[in-house]
Amino acid sequence: MPLSFKKILPHLLVLIGFVVISLAYFSPVLKGKQIFQSDIKHYIGMAQQQKDFRAQTGEETYWTNSAFGGMPTYQLGAKYPHNYIKKLDLSLRFLPRPADYLFLYFLGFYVLLVILKVEYKLAALGALAFGFSTYLIIILGVGHNSKAHAIAYMPLVLSGIVLTFRKKYILGFLLTTVALGLEICANHFQMTYYLMLLVIVLGIAYLIDAYRKKRLPHFFKSVGILVVAAILSVALNATNVLATQEYVKESTRGKSELTINPDGSPREVTSGLSRDYITEYSYGLLETFNLYIPRFLGGGSGEDVGKDSASYKFYTNIGASPIEALNEVKHTPTYWGNQTIVEAPAYVGAVVLFLFVFALFLVKGRLKWWLVGGSLLSLILSYGDSEPFAFITNFFIDYVPLYNKFRAVSSIQVVLELCIPVLAIFGLSRLFNQYEKDENKLKALKFSALIAGGLALVFLVFKGAFDFVGANDGYYRQVYGQYGEAFVEALREDRKSFFTQDTLRTLILVLLSAGTIFMFLRKKLSETLVVVVFAGLILFDLVGVDRRYVNNDNFVSGIEVTKPYQPNAADKEIIKDKAHFRVLDLSTEGSRAPARAAYFHNSLSGYHAAKMKRFDELYDFHIARNNMNVLNMLNTKYIIAEEEGQVFPYTNEDANGNAWFISDLEKVNSANEEIQKLDSLNTNVKAITTSEVLNTKQYKVDSTASITLTEHKPNYLKYKSSNQEEGFAVFSEMYYGQGWHSFLDGQEVPHQRVNYVLRGMEIPSGAHTIEFKFEPQVVNTGSSIALASSIMFALLLLGGLFFEFKSKTNESA
């Protein structure tokens, strides 16, 4: 067997093992089933119109009318020309979803540890510890696919950076470019931003180390190479990056012109999201221990406490049958932390955290400090507005660029979920290092066992110090009426039971881990056997917790995933109308599934983390209050209502239609005034604007004047107008200045924003053809950059690999 093949054989076997484990955990995919993900259900509803358009025409639309009155598809899975980095990404995700993401978790982390010169068996062990971290599994269960996607590529990016700092300039540059290109391609810029914060911590550690060792020229050379790699990786994703950058200014992530709330009170002026929205999901200080003890704070917001629980006894005591009681306790609100809702605890693992503490006493140098620094920064920022660290979050919101563009600060814990397993595995690596003194290893074992085991023991002994009272317990007392106090007391008992069970579980796992290391130091266990034992402990620990929340019960038939919505009676009636109009769904079903209406109609509702900012404001000020003047100007022809459990389509006969001529255009001075005037504005005859090129003006509307929509597609609208006088037409379409072009009789002419969100255009007298085409220049520009960058990188890749091959050949000669 050739020597080179002998070297790569272990890695091939490991990768095959990752494939097997990924498919084993999500085994229902082998039977053709698919995982039901709530967020993906919403996404399918939002993206259905563009998917249908692509299937019917073979073309891509970058605008959809299906949700929020209309919005770009840039964040809805738009496909761009010359996006070759995406093709590479798709080839890496060859397994059925979500096994593909789990495999990527394993692959990326394994590569990182191998590049950090960890022996392949330990690297495989570390990959399992990272991939089965509870949070990483939970996000697959709920459908945060782009987040999982971006997290999976984080270790690969770090791998390229480490290679570069190791003076492997060519390979480091190539790997960083590809890995960061894939990271950006995942299209979850919040995760990429958090990776950037970790890279900054890593860079500081390497800078200090370079200064001490007088290697600053090498450091800055490496940084220069990495900067070029970063620029090239962005260029490979140019279309998506440029489109996102353009859209974010018009989305809820951008700065609002409003300084008031719907009730007239002053509004927080910010260049991004509001402070309250950013910190809504702030990690509580006590929740820190969830990383170590899974149900320290009760687990998720809806846990199955089982038949032997106090909650089950409560239900049977008040008259519920055994079956009814079992059904009720499946979603018991055992979580007693401060967050609004928690799907599951962000459990890193008792075994992994024990090894992390063990490593703190053995691992030295820059690796330890950037991993520890990244973990601490991640943990502190995850606390959000929780005291005493709220001032740090406020500092980042106010002064750190782009930090205020992202919400759910607790999700920054993905950084520590990456760093902790790396250092943990290095702890085992140092344990097996024959040059490390046994007395140092024994000392590290004593301290880590005392700290980790002692902490769990203290919690067991002094669990009476906790009250196990949740933030919503007062609400439950009200809901359950005369039984409220008994129900809350049962909850407290179940919370205490969870706390005790999982704390004892953690203590046992720590003792087993410490015992394994002790037996190795006493020469009772071999190195290989220690790895096998820890693999068993880590898998038992993490998979055992993961399966509580994501298991075979999450899988359904493929048709339920690909076609998650079925038309109701109202939908079937509305679909018969082939005209162009909008629908407002006020039914109970619509409130539970806000993207459902978008699956069938041009809807005013939807589900997206970055809606059009002005439409979102219009919704809060007027649509949510059922302002019919506003609904009329949006051409809301149907309202899906519900009465006695039956849905029906209410036809709004007063809808303004697709376009209309007005008699009065009023110029106002501010966005506040514009949105407030819509409260009582007769939108059929009058329009308001803050446009700099429009002024207050009266128009004569002849009784024979008309403007009619004759052709419509998501990205194209055609009208015929007839008017004996010069007129001003309002179109019931969302204004978006970055891509919509308007034409009068084939000649491009400008249109302006009126009524806060709509399009308006002055039209000369006579008969005319008006067209709107969505032709975003950003797509053309980005695609050209992506093509040129792809060609450039291909040449660099070939040249780099040739140079490396030639260098290896010369070395072996």
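These remarks concern the structure in this document. In this text the structure is predicted, and so the values were computed from the model without any measurement. Each chain carries its own residue numbering, running from 1 in the written order of its sequence. Per-residue local features are limited, in this predicted model, to residues with pLDDT of at least 70; the limit for side-chain atom pairs, both in listing and counting, is 80 or more; totals at the level of whole chains, interfaces and linings are taken over all residues. To get the side-chain values, all heavy atoms of the structure are used, and hydrogens and water are removed first.

## Brief notes about the overall build of the protein
The criterion, for reference: We count a stretch as a helix when DSSP gives it H or I for four or more residues in a row; a strand needs E for two or more, and each element gets its number in order from the N terminus. Two things to know: the radius of gyration comes from C-alpha atoms, and the globule rule equals 2.2 Å times the number of residues to the power 0.38. Here's how the labels work: a residue is buried when its accessible area is under 20% of the maximum for its type, exposed when over 50%, partly exposed in between, all with a 1.4 Å probe on protein chains only. In what follows, residue pairs with any heavy atoms lying within 4.5 Å of each other are defined as contacts. Here the Shrake-Rupley method, with its probe set to 1.4 Å, supplies the accessible areas, and only the displayed protein chains count as covering residues. Neither His nor the chain ends is counted toward charge; the positive residues are Lys and Arg and the negative residues Asp and Glu. Charge positions come from single atoms, namely NZ of Lys, CZ of Arg, CG of Asp or CD of Glu.
From N to C terminus, the protein includes 30 helices and 19 strands. Taking 28 Å as the expected radius of gyration for a compact globule of 813 residues, we find that the protein reaches 30 Å, a close match to that expectation. Across its three principal directions, the C-alpha atoms of the protein cover 100 × 80 × 50 Å. Here the protein holds 813 residues, and 55% of them are scored as buried. Long-range pairs, those at least 24 residues apart, make up 77% of the contacts in the protein between residues at least 6 apart in sequence. Accessible surface, the protein as shown: approximately 35400 Å² in total, 58% of it carbon and sulfur. Taking the average location of the 78 positive side-chain charges in the protein and that of its 73 negative ones, the two points are 13 Å from each other.

## Things to note about a nonpolar patch on the surface
Convention followed: What makes a patch is a set of residues exposed beyond 30% relative accessible area and free of salt bridges, joined within 9 Å when like-charged and within 5 Å when nonpolar (Val, Leu, Ile, Met, Phe, Trp, Tyr). For this analysis, a salt bridge means a side-chain nitrogen from Lys or Arg found within 4 Å of a carboxyl oxygen belonging to Asp or Glu.
Together, Met196, Ile200, Ile204 and Ile208 line one region of the surface with nonpolar side chains, adding up to about 350 Å² of accessible area. With respect to the element layout, Met196 can be found in helix H9 (residues 189-212).

## Comments concerning the sheet that holds strand E15 (residues 740-744)
Applicable threshold: If DSSP finds at least two bridges between two strands, the strands pair. Note on method: axes are straight lines fitted to C-alpha atoms, helices fitted across the in-contact stretch only, with angles between N-to-C directions ranging 0 to 180 degrees.
Pairing in this open sheet of five strands is antiparallel, and the strands run E12-E13-E19-E15-E16 from one edge to the other. Sheet topology places strand E12 (706-713) and strand E16 (747-749) at the edges, where each strand pairs with a single neighbour. In this sheet, adjacent strand axes meet at a mean angle of 25° when their direction is disregarded.

## A look at empty space enclosed by the protein
The following threshold applies: A cavity here means a set of points on a 1 Å grid, drawn over the protein atoms and nothing else, where a 1.4 Å probe fits but cannot get out; a pocket is an open set with protein on both sides within 12 Å along at least five of seven lines, and a residue lines either one if it has an atom within 4 Å of a point. Grid points are joined across faces, edges and corners, and a volume is the space filled by probe spheres set on the points.
Enumeration according to the criterion identifies three cavities of 30 Å³ or more in this entry. Looking at the largest cavity, its volume works out to about 80 Å³. Glu250, Met612, Lys613, Arg614, Phe615, Met734, Tyr735, Arg753, Tyr756 and Val757 together form the lining of the largest cavity.

## With respect to the layout of surface pockets
Considering only enclosed or pocket space, the second largest pocket measures out at about 700 Å³ in volume. Along the wall of the second largest pocket there are 23 residues; nearest its centre are Gln49, Phe600, His601, Asn602 and His712. Contributions of two or more residues to the lining of the second largest pocket are made by helix H2 (38-57), helix H24 (569-575), helix H26 (596-600) and E12. For the lining of the second largest pocket, the element with the highest residue contribution is H2, accounting for six residues.

## Overview of the packing of helix H15 (residues 350-360) against helix H19 (residues 438-461)
Filter applied, for reference: The labels follow the angle: roughly parallel below 35 degrees, roughly antiparallel above 145, roughly perpendicular from 65 to 115, and oblique for the rest. By the definition used in this description, the sense in which the near helix is turned from the far one sets the handedness, with an anticlockwise turn below a right angle giving left-handed and a clockwise turn giving right-handed.
Closest axis-to-axis distance for the H15/H19 pair is 8 Å, and the angle between their directions is 135°. Between H15 and H19, the interaxial angle falls into the category oblique. Note that H15 runs across H19; the crossing there is right-handed. Where H15 approaches H19, its residues Phe354, Val357 and Phe358 are matched on the opposing element by Lys441, Ala444, Leu445, Ser448, Ala449, Ile451 and Ala452.

## Quick look at the pattern of salt bridges
With the rule as written, the count across this model stands at 32 salt bridges. A salt bridge links Asp209 to Lys213, with the nearest nitrogen and oxygen atoms 3.3 Å apart. Assessed through its relative accessible area of 13%, Asp209 is described here as buried. Between Arg596 and Asp571 there is a salt bridge, with the nearest N and O atoms lying 2.5 Å from each other. Residue Arg596 is found in helix H26, and its partner Asp571 is found in helix H24; the two are separated by 25 residues along the sequence.

## Section: the side chain of Asn658
For clarity, the cut-off: Here a polar contact is recorded for every N or O atom pair within 3.5 Å, except that within protein the pair must consist of a potential hydrogen donor and a potential acceptor, and residues adjacent in sequence are included only if both atoms are side-chain atoms.
Position of Asn658 relative to the elements: it lies in the loop between strand E7 (646-651) and strand E8 (659-662). Given a relative accessible area of 18%, Asn658 falls into the buried group. In terms of polar contacts, Asn658 uses its side chain to reach the backbone carbonyl oxygen of His580, at 2.7 Å. Apart from residues lying up to four places away in sequence, Asn658 is in contact with His580, Asn635, Leu709, Tyr719, Val730, Phe731 and Ser732.

## Considerations on the packing of aromatic side chains
Short version of the rule: Pairing of aromatic rings covers Phe, Tyr and Trp, the last counted by its six-membered ring, and requires centre-to-centre distances within 6.5 Å; plane angles under 30 degrees mean stacked, over 60 mean edge-to-face, and any other angle means tilted. Over a ring means this: the NZ of a Lys or the CZ of an Arg is within 6 Å of the ring centre and within 35 degrees of the ring normal.
What the rule picks out here adds up to 56 aromatic pairs. A centroid spacing of 5.4 Å and a plane angle of 65° characterise the contact between Phe94 and Phe103, whose relative ring orientation is edge-to-face. The interplanar angle of 70° and the centroid separation of 6.0 Å between the aromatic rings of Phe314 and Tyr480 together place this pair among those described as edge-to-face. Linking Phe314 in helix H13 (residues 310-317) with Tyr480 in the loop between helix H20 (473-479) and helix H21 (484-521), this pair joins segments that are 166 residues apart in sequence. What links up through ring pairs into an aromatic cluster is the set Phe18, Tyr25, Phe26, Phe106, Tyr110, Phe132 and Phe555. In this structure, Arg614 packs its charged tip against the face of Tyr756, placed 4.2 Å from the ring centre. Lys773 extends its terminal NZ or CZ atom over the ring of Phe743, reaching a point 4.8 Å from the ring centre.

## So, helix H22 (residues 527-549)
The cut-off we apply is this: A helix is expected to reach a length of 1.5 Å times the quantity of its residues less one.
The terminal C-alpha atoms of H22 lie 34 Å apart, and with 23 residues this matches the ideal 33 Å at 1.5 Å per residue to within 8%. Regarding H22, the residues found buried are Val530, Val531, Phe534, Leu537, Ile538, Asp541, Leu542, Val543, Val545, Asp546 and Tyr549.

## Considering H2
What counts here: The bend at a residue is defined as the angle formed between two axes, one fitted to the seven residues ending at that residue and one fitted to the seven starting there.
Counted at 1.5 Å a residue, the expected span for H2 with its 20 residues is 28 Å, and the 29 Å between its end C-alpha atoms agrees. Its maximal kink placed at Ala47, H2 deviates by approximately 50°. All buried positions along H2 are accounted for by Ile40, His42, Ile44, Gly45, Met46, Ala47, Gln48, Gln49, Gln50 and Phe53. Just downstream of H2 lies Gly58, where phi reads positive at about 75°.

## Considering the pairing of strand E18 (residues 758-763)
Along E18, five of the six residues are buried, which leaves the element largely enclosed by surrounding structure. Judged from the six bridges that link them, strand E14 (residues 727-734) and E18 form a sheet pairing that is antiparallel. Along E18, the bridge assignment pairs Phe731 with Arg759. The pairing of strand E17 (residues 752-754) with E18 spans three bridges and is antiparallel. Its bridge partner lying in E18, Arg753 is registered against Arg759. Where E17 folds back on E18, the antiparallel hairpin that results is connected by three residues, among which Asn755 adopts a positive phi of roughly 50°.

## So, the side chain of Arg614
Structurally, the position occupied by Arg614 is in helix H27 (residues 613-621). According to the relative accessible area criterion, Arg614 is buried, its value standing at 10%. Among residues more than four places away in sequence, those in contact with Arg614 are Glu257, Ala671, Glu674, Arg753, Tyr756 and Val757.

## Points about unusual backbone geometry
For the bond running from Arg97 to Pro98, omega is 5°, close enough to zero to count as cis. With respect to the secondary-structure elements, Pro98 resides in the loop between helix H3 (84-92) and helix H4 (99-115). Despite not being glycine, Lys214 shows a phi value in the positive range, around 60°. Residue position: Lys214 is located in the loop between H9 and helix H10 (216-236). Judged by relative accessible area, Lys214 falls into the exposed class, the value being 75%.

## Quick look at the nonpolar core
Basically, it comes down to this: What is meant by a nonpolar core is a set of buried Ala, Val, Leu, Ile, Met, Phe, Trp, Tyr and Cys residues, joined one to another through side-chain atoms within 4.5 Å.
Phe26, Tyr105 and Trp370 are the most contacted members of the largest nonpolar core, which totals 163 residues. For this core, the leading source of residues is helix H18 (residues 414-432), giving 14 residues. Excluding residues that lie within four positions of it along the chain, Trp370 makes contacts with Leu158, Leu198, Val201, Leu202, Ala205 and Tyr206.

## Quick word on the sheet that holds E18
Neighbouring strands of a sheet are bound in pairs by backbone hydrogen bonds; such pairs are parallel or else antiparallel. Across the sheet, which stays open at both edges, the four strands sit in the order E8-E14-E18-E17 with antiparallel pairing between neighbours. Of all the strands in the sheet, the pair left with one neighbour each is E8 and E17. If you compare each strand with its neighbour and ignore which way they point, the axes differ by 40° on average.

Geometric values such as these leave the question of function open.
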